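# Summary of the model geometry
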Amino acid sequence: IIHGGFFHTGIIVSNNERSKQFFIEVFDFIDESHLRPKTLTFPGSFLKFGNHQIHLMELPNPDPLNRPEYGGRDRHMALWIHNIDILKKRLEDRGITYSLSSSGRRSLFCRDYDGNTFEFVEDISLSNQK
């Protein structure tokens, strides 16, 4: 098998439009919903970050309601960003809780409105790409 990377990651949400705004405004993702197949029968969005994409899917959530408090001990998606402090401020401004990584590296865990966990890991070399 020759791997080419992720095509996209599907994320279940309860309200596509609210979640799309969250991902765009807080995480700085780019809306690529024009690429989403029109044949899909449920609301959703394609959002780009770096060279990757997530697929927000407005569907009933099959996950248990009781998630671990610390996001690092839950299913999560880890993404590199160039500056953790910018994201921390955006989260704080919106009253969204987060926790710093217990590993000691510059990263944080936070959840979206539906409890999906995201880890953001700082990589200052990305600053040269903007």
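A quick note: this is a predicted structure, and the numbers were derived from the prediction, not measured. Within any chain, residue numbers begin from 1 and follow the written order of that chain's sequence. Local features are withheld for residues below a pLDDT of 70 in this predicted model, meaning they are given only at 70 or higher, and side-chain atom pairs are given and counted only at 80 or more; totals for whole chains, interfaces and linings count all residues. Side-chain measures here rest on the full set of heavy atoms in the structure, leaving out hydrogens and waters.

This next bit is on the overall build of the chain. Counting its regular elements, the chain contains two helices and eight strands. Numbering of helices and strands runs from the N terminus, with a helix taken as a DSSP run of H or I at least four residues long and a strand as a DSSP run of E at least two residues long. Ordering the α and β elements of the chain from the N terminus gives β-α-β-β-β-β-α-β-β-β. What the globule rule says is 2.2 Å times the number of residues to the power 0.38, and the radius of gyration is computed from C-alpha atoms. On C-alpha atoms alone, the chain measures out to a radius of gyration of 15 Å, which is about the 14 Å that the 2.2 N^0.38 rule sets for 130 residues. Overall size of the chain, expressed as C-alpha extent along the three principal axes, is 45 × 35 × 35 Å. Among the 130 residues that make up the chain, the fraction classed as buried is 36%. Counting contacts in the chain only where the partners sit at least 6 residues apart, residues at least 24 apart contribute 56% of the total. Per-residue and other accessible areas were derived by the Shrake-Rupley procedure at a 1.4 Å probe size, with only the shown protein chains allowed to occlude residues. For the chain, the exposed surface amounts to about 8,500 Å²; the carbon and sulfur share of it is 54%. Distance from the positive charge centre (16 side chains) to the negative charge centre (17 side chains) of the chain: 1 Å. Relative accessibility thresholds used throughout: buried, under 20% of the residue-type maximum; exposed, over 50%; partly exposed, between the two (1.4 Å probe, protein chains only). Throughout, a residue-residue contact means that at least one pair of heavy atoms, one from each residue, lies within 4.5 Å. Under this rule, positive means Lys or Arg and negative means Asp or Glu; His and the chain ends count for nothing. Here the site of a charge means atom NZ of a Lys, CZ of an Arg, CG of an Asp or CD of a Glu.

Relative to the assigned elements, Lys20 resides in helix 1 (residues 16-25). Classification of Lys20 by relative accessible area gives buried; the value is 12%. If we ignore the near neighbours within four places in the chain, the residues touching Lys20 are Asp31, Ser33, Ser45, Leu47 and Leu56.

On to the packing of aromatic side chains. Only rings of Phe, Tyr and Trp enter the pairing, Trp through its six-membered ring, and a pair is recorded when the two centres are within 6.5 Å. The plane angle decides the type: under 30 degrees is stacked, over 60 is edge-to-face, the rest tilted. Enumeration over the complete set of coordinates arrives at ten aromatic pairs. Judged by centre distance (5.7 Å) and plane angle (85°), the ring pair of Phe22 and Phe23 falls under edge-to-face. According to the relative accessible area criterion, Phe22 is buried, its value standing at 3%. Their ring planes at 80° and their centres at 5.3 Å tell us that Phe23 and Phe118 sit as a pair that is edge-to-face. Residue Phe23 is found in helix 1, and its partner Phe118 is found in strand 8 (residues 117-122); the two are separated by 95 residues along the sequence. With respect to burial, Phe23 and Phe118 carry one shared label: buried.

Its identity as a non-glycine residue notwithstanding, Asp28 has a phi of 70°, on the positive side. Relative to the assigned elements, Asp28 resides in the loop between helix 1 and strand 2 (30-31).

Moving on: the nonpolar core. Nonpolar cores were defined as sets of buried Ala, Val, Leu, Ile, Met, Phe, Trp, Tyr and Cys residues, with membership established by side-chain atoms within 4.5 Å. The biggest cluster of nonpolar side chains holds 22 residues, and the ones touching the most others in it are Phe23, Phe27, Phe29, Ile54, Leu87, Phe118 and Phe120. For this core, the secondary-structure elements that each account for two or more residues are strand 1 (9-13), helix 1, strand 3 (44-49), strand 4 (52-58), strand 5 (76-81), helix 2 (84-93), strand 7 (107-111) and strand 8. Those residues in contact with Phe118 that lie beyond four places of it in its chain are Ile11, Phe23, Phe27, His76, Met77, Leu79, Leu108, Phe109, Cys110 and Asp112.

None of the figures reported here should be taken as evidence of function without further support.
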